Amino acid sequence: MSSVSYYISNLLEKMTSTDKDFRFMATNDLMLELQKDSIKLDEDSERKVVTMLLKLLEDKNGEVQNLAVKCLAPLPGPPAWPPCLAPLVSKVKEPQVEVMVDTLCSNMMSDKEPLRDISSMGLKTVIAELPLTSTGLTLTVGVCKKITSQLIGAMGKQEDVSVQLEALDILSDMLGRLSGALVSFHSALLSSLLPQLTSSRMAVRKRSILALGHLVPCCSPALFSQLTEHLTNELAKAPPVSMARTYIQCLATVSRQGGHRVGEICCHAHFTDVEDDELRDCPKEMSPHVATVTKLCLKFMTFDPNYNYDDEEEEDSMDVEEGLEEESDDEYSDDDDMSWKVRRSSIKCLESLIATRRDLLLSFFSSVCPALLARFKEREENVRADVFSAFSSLLRQTRGGTSLQGNMRPGGEEPALTLLKTQVPLIVKALHRQLKEKSIRSRQGCFSLLSELSHTAPGALEQHIPALIPDRSSSSTMRIDALSFLHVLLLSHPPEAFQPHMQVLLPPVVSCVEDSFYKITSEALLVVLQLVRVMRPQGPSAGGGFDPKPFVREVFSVTLKRLKATDIDQEVKERAISCMGHMVCHLGDHLGAELQGVLAIFLERLKNEITRLTAVRTLTLISASPLKIGLSSILPETLSVLGSFLRKNERVLKLGTLACLTSIITHQAANIKPAALEPVLSELPGLVDESDMHVSQVHSVMARSCPSSLSRISLSVLPCVFRLVLSPLLQGAALSSILDLLQALVLSNTSNLGYRQSYLSVSRCVAALSSSCPKETSSTVNGLLQEVKNPGSPESARVLALLCLGEVGRSGSLGGRKEVQGVILEAISSTNEEVRTAASCALGSMAVGSLNDYLPFLLTEISTQPRRQYLLLNSLKEVISACPASSLSPHVESIWSLLFQHCECPEEGTRNLVAECLGKLTLVNAAQLLPRLKQQLRAGDFLQTLQDDDLNVRRVSLVMFNSAAHNKPSLIRGLLATVLPHLYRETQIRKDLIREVEMGPFKHTVDDGLDVRKAAFECMYTLLDSCMEGLDVLLFLDHVEEGLKDHYDIRMLTFLMLARLASLCPAAVLQRLDRLIEPLKATCTTKVKAGSVKQEFEKQEELRRSAMRAVAALLAVPEVERSPSMADFANQIRTNADMASIYQSVQGGEGGGIGPAESMDMT
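Conventions and cut-offs
- Residues numbered from 1 in each chain as written.
- Predicted model: local features only at pLDDT ≥ 70, side-chain atom pairs only at ≥ 80, totals over all residues.
- Heavy atoms only, no water.
- UniProt positions renumbered as here; feature names shortened; annotations may be inferred.
- Helix = DSSP H or I, 4+ residues; strand = E, 2+ residues; numbered from the N terminus.
- Buried < 20%, exposed > 50% of the residue type's maximum accessible area, 1.4 Å probe, protein only.
- Contact = heavy atoms within 4.5 Å.
- Areas by Shrake-Rupley, 256 points an atom, 1.4 Å probe, with all protein chains shown as cover.
- Expected span 1.5 Å × (residues − 1).
- Phe/Tyr/Trp six-rings, centres within 6.5 Å; stacked < 30°, edge-to-face > 60°.
- Lys NZ or Arg CZ within 6 Å of the ring centre and 35° of its normal.
- Pairing = 2+ DSSP bridges.
- Arc of directions from axis to C-beta.
- Axes fitted to C-alpha atoms, helices over the stretch in contact; angles between N-to-C directions.
- Parallel < 35°, antiparallel > 145°, perpendicular 65-115°, else oblique.
- Nonpolar A, V, L, I, M, F, W, Y, C, P; charged D, E, K, R; others polar.
- Salt bridge = Lys/Arg side-chain N within 4 Å of Asp/Glu carboxyl O.
- pLDDT = per-residue confidence, 0-100.
- Left-handed = near helix turned anticlockwise from the far one by under 90°.
- Core = buried A, V, L, I, M, F, W, Y, C linked by side-chain atoms within 4.5 Å.

Per an unreviewed UniProt entry, the chain is named Cullin-associated NEDD8-dissociated protein 1, and its organism is Dissostichus eleginoides. Of the chain, the UniProt comment under Sequence similarities (unreviewed entry) reads exactly: "Belongs to the CAND family."

Structure below.
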């Protein structure tokens, strides 16, 4: 006998002792032994352990019984990924587990209540620890079958309700965790559970509803229909009130658990208790019933038969004594009054309508908004909180509507916002009354709602500010909420609105700054910061009449006290620095001699690692102040400290420091001694690097702000600048900053500049230098011409020289040099494609700088040189793009006629260039040229070309539509209903456009409709961002689903669309989830054939990664765990090492770093 078996035998022997302490200790030792991963039991030991533990469940001592159950209890671990199973279940084989389950089930139906209870606990423990992995699935299914068959029998024991309740409890646990393993029993379970809904015992009915709720997510569509039909049919028979309530509660549970499938029963729901879950999950199916549901909700939200609200108007005028009497009356509560539940459900239902039906927003303002305002007087605090929540949802929807691109009316504002502003006086009046209530929760709700209103309609509360100034409160929570609201109010309204109320506003805020609770102090400092701006606004809002002097001393003293303190919270320190910084910036001329002491504190905070970033930003603000605050007392040491910050790895600090230095050098140059800048200048070369273009840009701005020091840094900075110029990443603002820096260096007469050769960036640098040194331009141009003409020059040198000539010509520095045209034309005829392209760009650039000299020549060459036509048209496009309309106007007619002569060129590339030129030329004088362009279309309308017989015409029409949707969505929003059917039709695969081409011994499939489909899907992707509110999302998803099975390029696009849809409209995605999962699963599991080329492997890998990103987006959708297919796919990803690795890399790449245990919990 092994040592383990011997030890276990000794423990089992002690468990038979008559001494309860012996039995307890032996059982405890056994539990500890079973928890060890290394333990292995032989068959005989397994049988003996199971028999003994089952016997101990009937022990007379309760502590021993509990320990026996703990041997089945779960070990601690992450809920979705248990490291091991229950001690006993994991250490014995299937036959012993079945014996254990049989015994527990038999004991559960015992007449002895203690045995029944302890056996029920044991069964629940076993169920909680059955394995979900594929290796243990056989055991799980077998155990579930045994338990289920006995539970169905137990539920039929009508004479013993306690057995029924235990059986329903266990069944709920099992369905909640293992419903997928019980598919074969679903029908029998449903048949057993439905009769329990008619039980005379409320507890039985409630637990049956719970069990049915757990059954719904994994049951088949047929069973789901059977369940919902049974419930709706029973309700239609007008049962007694208690039974009707049970059926409605069951429908509510089905709504919550059924997710998107509940849409199937919406058409049968004619009852007043329509659940908000239906509205959230199935807004489309609910559409025909929205008006009815709204009407019923508005009716029942006022259902309060035991209270008369009309008396409140009189109560408002009562004196203090009557108010005290009223308080004692309010304490009375009728426990039998359940009408508040009706009102609360109605309001929650309305909130769901508001949240899901933005298209009905305008109608909600006429029907729902006044009703919600009237319910602000609701007497039940919980219901009143829901009223505030629903109204806040209405405000958020209004704000969401106004933020959509292009959604504003020309010359006006969003209609919903206009309607909201008309309701503001009523809103303020209703909330003003609630702000006087004693309930802290109600007053918090008022402040939250007012903050939402300020965000949604900035400036709308300007006329009501006196009524909204918060009273002093003793509650910390209330003071924080009031300060937070006041901060939002100050941010969203002009300073002039608050200036008359400063005497009322300032004292309570100042007292809050001195509060001992750090959160109150922190919020109060934010408000003081805004009040300082109100006292003396700067910028466009700066105005004359208000004198801040009476308030400066009071604000300064409390802020200085917080600024000097070192033993306070970090947040308070930072906000005290910011607040004092704004005070110095706006009111520095009122501080007198105390200003220097404040600046000294700022310098101390600058040296402190914790507060340095806030101090840097504050000094940036102060140095740029219009008050010309003198910083000479701290400048030398400040510059030294700021220079040291440029060596830090903290990017935010580095950018802030560069901005601060730029501001100081720009506005405080007179106070800076050359020696003080040395610590800064020595750090500049290391900041110019392509690894961080933003830092390089800000560095260039700072460097040119200090022209007196440019000569000192030129030798160290220029090599770094030229390395950056060679970078292909240099463009946009960073390139512009480098050009400005080079020009500043030239103007500062710095010697030894020299430059290295590169391409476009270098050419622009050369042009910038030439424009600053006109005397050197001629020799520079001669050198460039010789480089182009020299046949021995390398390609890169000739390309650079051509681009430089073009950029010099763009600046107008070429003069009238005729030989340049010949050199450029010769280069355009070169056999080298790079040289030809560079020559084309150069010719266009030179024509921009000297239109009268080069444009006639260019137009002539286009007409007479068909071989060079494409390149010359490219030059013309550059001219049209870069020239101002005033310069180009005299030449419009000649260019227009030339372009139409070549619009039917047989080469598609040339036709595309002509189209681009025509489009850009039309913008020069759209009023005259657009009608002429439209006349050239046979259809007469851009959108009618979507129905053209020619594939290419339809494709370019879709490209045009995509451009309009992206850049001017307001133009196409009203046309969506007409255009979308044609757009969706182009997403279909047409077999008549697919043909086979023989290539030697191989056959290659060609899809002539692919380009049109790609254009259609690109349009769909753009519409998601610009015109989401005009789409029928479910119809849109139907075509996305087809795209998931299409060509590589289209699948990549539809994966992106699916991820976007998961965040924009998760409810609709849930409705189609089962159909969307299959193509995703197919993509993730498909493998490339072994003999395929490398590109095929790379394409498939990218497809899998893109599909996995879509899966990650779907897993983030709320309630996605209710989908069995999603749960199965997630489990497949977990158990497949290859897919799990892709999933992890996708999550890490998106910054999540989320392990599978957290991100894919499907249980």
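Help me understand the overall build of the chain in this model?
From N to C terminus, the chain includes 60 helices and two strands. Across the 1163 residues of the chain, 50% fall into the buried class. Here the analysis covers contacts within the chain between residues at least 6 apart in sequence; of these, 71% occur between residues at least 24 apart. Carbon and sulfur atoms make up 52% of the accessible area of the chain, which amounts to about 54,200 Å² in all.

Even after reading the chapter, I still don't get helix α56 (residues 1073–1085), so can you show me in this structure?
What sets the pattern is the α-helix's 3.6 residues per turn: residues three or four places apart point alike. With 13 residues, α56 extends 18 Å from end C-alpha to end C-alpha; this agrees with the ideal 18 Å at 1.5 Å per step. Buried within α56 are the following residues: Leu1073, Leu1076, Ile1077, Pro1079, Leu1080, Lys1081, Thr1083 and Cys1084.

Could you clarify how one ought to interpret the packing of aromatic side chains in this entry?
Within a pair of aromatic rings, the relevant descriptors are the distance that separates the centres and the angle that separates the planes. The final tally for this structure, using the stated rule, is six aromatic pairs. An angle of 75° between the planes, with centres 5.1 Å apart, marks the rings of Phe376 and Phe388 as edge-to-face. Separated by twelve residues along the polypeptide, Phe376 in the loop between α20 (361–374) and α21 (381–402) and Phe388 in helix α21 bring together distant segments of the chain. Like Phe376, the residue Phe388 is buried in the burial classification. Among the aromatic residues, ring-to-ring pairing joins Phe376, Phe388 and Phe391 into one connected group. Residue placement shows Arg612 over the ring face of Phe645; its charged tip is 5.6 Å from the ring centre. A cation over a ring is seen here: Lys1099 above Tyr1048, with NZ or CZ 4.9 Å from the ring centre.

Quick question: what am I supposed to make of the pairing of strand β1 (residues 994–999) here?
For a regular strand, side-chain orientation follows a simple rule: the groups alternate between the two sheet faces. Burial analysis of β1 places just zero of its six residues in the buried class, which makes it a mostly uncovered element. Bridging between β1 and strand β2 (residues 1002–1007) involves six bridges; their strand directions are antiparallel. Paired with Glu998 across the strands is Lys1003, a residue of β2.

Looking at this model, I keep getting lost on helix α39 (residues 774–789). Mind explaining?
In this model α39 runs 24 Å from its N-terminal to its C-terminal C-alpha over 16 residues, within 8% of the 22 Å that 1.5 Å per residue would give. Here α39 has its buried residues at Thr777, Val781, Leu784, Leu785 and Val788. Considered in projection along α39, the buried side chains sweep an arc of 100° and stay on one side of the axis.

What is the right way to look at the packing of helix α29 (residues 570–587) against helix α31 (residues 612–623) in this model?
A packed helix pair is summarised by two numbers, namely the angle formed by the two axes and the spacing between the axes. Put simply, α29 and α31 touch, their axes get as near as 9 Å, and they point 10° apart. Looking at the two axes, α29 sits roughly parallel to α31. Residues Glu574, Ile577, Ser578, Gly581, His582, Val584 and Cys585 of α29 touch α31, and the partners they reach there are Thr614, Ala615, Thr618, Leu621 and Ile622. Residue composition of the contact of α29 with α31, grouped by class: six nonpolar, five polar and one charged.

Looking at this model, I keep getting lost on the pattern of salt bridges. Mind explaining?
Within this structure, the stated rule accounts for 35 salt bridges. When the shortest N-O distance is used, the salt bridge between Glu378 and Arg375 registers 2.5 Å. Take Arg375: its relative accessible area is 4%, and that puts it in the buried class. A salt bridge links Asp992 to Arg990, with the nearest nitrogen and oxygen atoms 2.8 Å apart. On the accessibility criterion, Asp992 (55% relative accessible area) is exposed. Overlapping salt bridges bring together Asp304, Arg343, Arg375, Glu378 and Arg379 as one network.

So what exactly am I meant to see when it comes to the confidence of the model for the chain here?
Any region with low pLDDT has predicted coordinates that should not be read closely. Looking at the chain, pLDDT values average 77 and 80% of them are 70 or higher. Per-residue pLDDT, averaged within each element of the chain, yields its smallest value for helix α60 (residues 1156–1159) (33) and its largest for α31 (92). In this model residues 313–332 is a low-confidence stretch, pLDDT under 50, and it forms four contacts with partners more than four residues away in sequence or in other chains. Below a pLDDT of 50 lies the segment residues 1149–1163, which in the model reaches 32 contacts outside its immediate sequence neighbourhood of four places, other chains included.

I would appreciate a short explanation of the packing of α29 against helix α30 (residues 594–607) in the present structure.
The N-to-C vectors of α29 and α30 enclose an angle of 140°; their axes lie 11 Å apart at closest approach. Taken together, the axes of α29 and α30 lie oblique to each other. Crossing of α29 against α30: the hand is left-handed. Contact residues: α29 offers Ile577, Met580, Gly581 and Val584, while α30 offers Leu595, Val598, Phe602 and Arg605.

I tried to follow the nonpolar core on my own but got confused; where do I start?
Here is a general trend for soluble globular proteins: nonpolar side chains tend to be buried in one another's company. Of all hydrophobic cores here, the largest spans 121 residues; its most connected members are Phe376, Phe391, Met580, Val584, Phe602 and Leu606. Counting residues per element, this core draws most heavily on helix α27 (residues 518–535), at ten residues. Apart from the residues lying within four places of it in its own chain, the contact partners of Val584 are Leu591, Leu595, Val598, Phe602, Ile622, Leu627 and Ile629. One finds Leu56, Cys105, Leu193 and Cys250 within the second-largest nonpolar core, a separate group that totals 69 residues.

Teacher, can you tell me more about the environment of Leu619 here?
Relative to the helices and strands, Leu619 is located in helix α31. Leu619 sits in the buried class, given a relative accessible area of 1%. Residues Leu619 and Val584 lie 35 residues apart in sequence; the distance between their C-alpha atoms is 9.9 Å. Discounting chain neighbours no more than four positions away, the residues touching Leu619 are Phe602, Leu606, Ile634, Thr638 and Cys660.

What is the right way to look at the environment of Ser184 in this model?
Secondary-structure assignment places Ser184 in the loop between α9 (161–178) and α10 (186–193). Residue Ser184 is classed as exposed on the basis of its relative accessible area of 60%. In the structure, Ser184 is positioned 35 residues away from Cys219 in sequence and 10.0 Å away in space, judged by C-alpha atoms.

In this structure, what is going on with the environment of Met155? I would like to understand it.
Residue placement: Met155 occurs in helix α8 (residues 137–155). Since its relative accessible area comes to 1%, Met155 is described here as buried. For the pair Met155 and Leu168, spaced 13 residues apart in sequence, the C-alpha separation works out to 7.2 Å. Discounting residues that sit within four places of it in the chain, Met155 has contacts with Gln164, Ala167, Leu168, Leu171, Ser192, Leu193 and Gln196.

Mind showing me how you'd approach unusual backbone geometry here?
Even without a glycine there, the phi angle at Lys628 is positive, about 55°. Take Lys628: it is sitting in the loop between α31 and α32 (635–645). Classification of Lys628 as exposed rests on a relative accessible area of 64%.

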